[in-house]
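Residues per chain, in single letters:
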Amino acid sequence: MSVEDFNFEIKEQWCPGCGNFAIEMAVKQALDELKILREETVIVSGIGCSGKTPHYVNTYGFESIHGRILPVASGIKLANHKLTVIGMGGDGDGYGIGMCHFIHSMRRNHDLTYIVHNNEIYGLTTGQTSPTSIKGTKTKSTPQGVIEKPVNPIALAISSGATFVARGFAGELKHLKEIIKAGIEHKGIALVDVFQPCVTFNKVNTYQWWKERIYKLEDEGYKPDNKDKALEKALEDEKTGYKKIPIGIFYREKGPSYEESVKQLEKGTFFEQSKKEVDLRKAYEEMM
Ligand SMILES: Cc1ncc(C[n+]2csc(CCOP(=O)(O)OP(=O)(O)O)c2C)c(N)n1
Ligand code: SF4
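Attention here is on the structure that accompanies the text. Since the structure is predicted, the reported quantities are computational estimates derived from the model, not experimental observations.

Conventions used here
- Residues numbered from 1 in each chain as written.
- Chains lettered and ligands numbered in written order.
- Predicted model: local features only at pLDDT ≥ 70, side-chain atom pairs only at ≥ 80, totals over all residues.
- Heavy atoms only, no water.
- Helix = DSSP H or I, 4+ residues; strand = E, 2+ residues; numbered from the N terminus.
- Buried < 20%, exposed > 50% of the residue type's maximum accessible area, 1.4 Å probe, protein only.
- Contact = heavy atoms within 4.5 Å.
- Areas by Shrake-Rupley, 256 points an atom, 1.4 Å probe, with all protein chains shown as cover.
- Lys, Arg positive; Asp, Glu negative; His and termini not counted.
- Charge placed at Lys NZ, Arg CZ, Asp CG, Glu CD.
- Near = heavy atom within 4 Å.
- Nonpolar A, V, L, I, M, F, W, Y, C, P; charged D, E, K, R; others polar.
- Polar contact = N/O pair within 3.5 Å; in protein donor to acceptor, adjacent residues only side chain to side chain.

## As for the overall build of the protein chain
For step 1, the next point in the chain: Helix and strand content of the protein chain: 13 helices and eight strands.
For step 2, the next point in the chain: Principal-axis analysis of the C-alpha atoms gives the protein chain an extent of 60 × 40 × 40 Å.
For step 3, the next point in the chain: Per-residue burial for the protein chain yields a buried fraction of 52% across its 288 residues.
For step 4, the next point in the chain: Across the protein chain, contacts joining residues at least 24 apart in sequence account for 71% of those joining residues at least 6 apart.
For step 5, the next point in the chain: Accessible area of the protein chain: about 14100 Å², with a carbon and sulfur share of 55%.
For step 6, the next point in the chain: Of the charged side chains in the protein chain, 38 are positive and 38 negative; the average position of the first set lies 3 Å away from that of the second.

See below:
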């Protein structure tokens, strides 16, 4: 296998310079370096520019519904826990319409990697405010500036019980790839929030804007094993008025994943156990 084996013949439809290209490449490189086979991998997306990713990576893919990445991904993982399942979607998708699923998935600890293309705007629908748009940001839907405070996905994930919480930047490909690799290897839910410049509609949070503000947690000798410290770091961007924004692994905790806790899965995957025994005709008939 090589990174090229994960390429599809379909050409990306993203705008030139979009941060999604780097996220797609980081995922391909991570899968290649971890020697995970494409036929044992499923990428689940929602709807959005980010939601196109399964079309461009040569693994199994499922472009689901806006805001429903996590329930679909959890269902796939539960049906066949031998698969590597990666959710990929926008900040509108995951932190807006999908927020309820977000909180419950974090506490359930399904063994999934969830990569959020956080461009702080709605890309596909041409530039409205998203739940992570910083207060005051002027967008098509908020011409006088966003009134409310943004969602803090890192703090929310940690306080909801997530066992791996990290953040990367599309302008730091190698660093992002390493975070995604660590997320895939983690047994349990792994949130990887990624700052992803939307070069067409977000003229505030540009590559330059993020480069001037981000720093790597590991460069400060930070260790991601303490929940209190992780929460403190998660709130640092707000506290500093977004002048200092940490990226890297905020929090990591070992413990059984949801799938490791389901007794019935000790005998094999649900898929293997049920494929000979289940006749769905009766259930269909009852529903008709
Ligand atoms: C249930 C539902 N509501 C709304 C929409 C319209 N819609 C499509 S994409 C989108 C938001 C896109 O923003 P984001 O999720 O951040 O993804 P991006 O395009 O920025 O990657 C919305 C509101 C939809 N497709 N389905
Ligand atoms: S609209 Fe923004 S997020 Fe969508 S492809 Fe273009 S640059 Fe990327």
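Structure's up, so let's keep going.
## Concerning the site of ligand 2
For step 1, the next point in the chain: Looking at ligand 2, the residues that line it are Trp14, Cys15, Cys18, Cys49, Asn119, Gln196, Cys198, Val199, Thr200 and Phe201.
For step 2, the next point in the chain: Residue classes in the shell around ligand 2 are distributed as seven nonpolar, three polar and no charged.

## A few points about the site of ligand 1
For step 1, the next point in the chain: Taken together, 16 residues sit near ligand 1, with Cys49, Ser50, Gly92, Asp93 and Gly123 positioned nearest.
For step 2, the next point in the chain: Contact distances for ligand 1 include 2.8 Å between an oxygen atom and a backbone N or O atom of Gly92.
For step 3, the next point in the chain: Asn119 has a polar side-chain atom sitting 3.0 Å from an oxygen atom of ligand 1.
For step 4, the next point in the chain: In isolation ligand 1 offers 580 Å² of accessible surface; the protein chains occlude 74% of this area.
For step 5, the next point in the chain: Looking at which element gives the most residues to the shell around ligand 1, the answer is helix H4 (residues 91-97), with four residues.

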